[in-house]
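Coordinates in review
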Amino acid sequence: MKDYFEHFELKMVKLLSKISFLSLMIVGLVIVYFLFREVYALVLLTFQPDSGGHYYDVLKSILSFFIFFEFLTLIITSLRNKGHVSLIFLLSLGITSLIRQLLTYHEQLGGVILIAVAILLLIIGVVILKKFIFAEDKNEEHF
């Protein structure tokens with residue numbers, strides 16, 4: 001009976017990992033679609049006559065492009081490493097997304113300061129990971 005449950009467990013793990021891999025591929029294809037849609041919108045915006053709100057539309061389109069690009073990079077990294085993504089990579093994504101938020105957020109000084117502090121904390125976290133946690137590990141997976 002124990003062998004049956006172990007065999008069933010192995011089959012379920014294989015099935016769920018295949019479903020997970022397929023789901024990541026589908027999400028990746030959807031993100032590629034949105035990425036190209038954003039590039040198309042950006043090209044259309046560049047050929048429009050100049051208007052007052054045109055600058056913010058172009059900036060919004062560029063930032064959206066990079067958001068989709070980062071998600072696509074995250075999915076590719078996850079697929080290459082069989083579902084594993086390094087902590088430093090995730091922290092780097094957080095830093096870049098907060099920097100992008102900082103570029104567009106100008107309403108309140110307190111919010112800008114909080115975003116800047118969050119960026120600083122994430123950078124300190126990356127430095128601690130590289131210096132102390134992964135110091136002797138020369139494997140490129142962590143970076």
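Placed above this text is the structure.
Residues numbered from 1 in each chain as written. Predicted model: local features only at pLDDT ≥ 70, side-chain atom pairs only at ≥ 80, totals over all residues. Heavy atoms only, no water.

Bringing the pattern of salt bridges into the picture now. Inspection of every chain in the model, using the stated rule, returns one salt bridge. Two residues, Glu70 and Arg100, come together in a salt bridge whose shortest N-O distance is 3.1 Å. With Glu70 in helix α2 (residues 54-80) and Arg100 in helix α3 (residues 87-104), this pair connects stretches of sequence that are 30 residues apart. For Glu70, a relative accessible area of 16% translates into the label buried. For Arg100, a relative accessible area of 10% gives the class buried. (Salt bridge = Lys/Arg side-chain N within 4 Å of Asp/Glu carboxyl O. Helix = DSSP H or I, 4+ residues; strand = E, 2+ residues; numbered from the N terminus. Buried < 20%, exposed > 50% of the residue type's maximum accessible area, 1.4 Å probe, protein only.)

Note on placement: Val85 falls in the loop between α2 and α3. Here Val85 falls in the partly exposed class, since its relative accessible area comes to 27%. Spatially, the C-alpha atoms of Val85 and Leu74 are 7.7 Å apart, while their sequence positions differ by eleven residues. When sequence neighbours within four positions are dropped, the list of residues in contact with Val85 reads Leu74, Ser78 and Leu90. (Contact = heavy atoms within 4.5 Å.)

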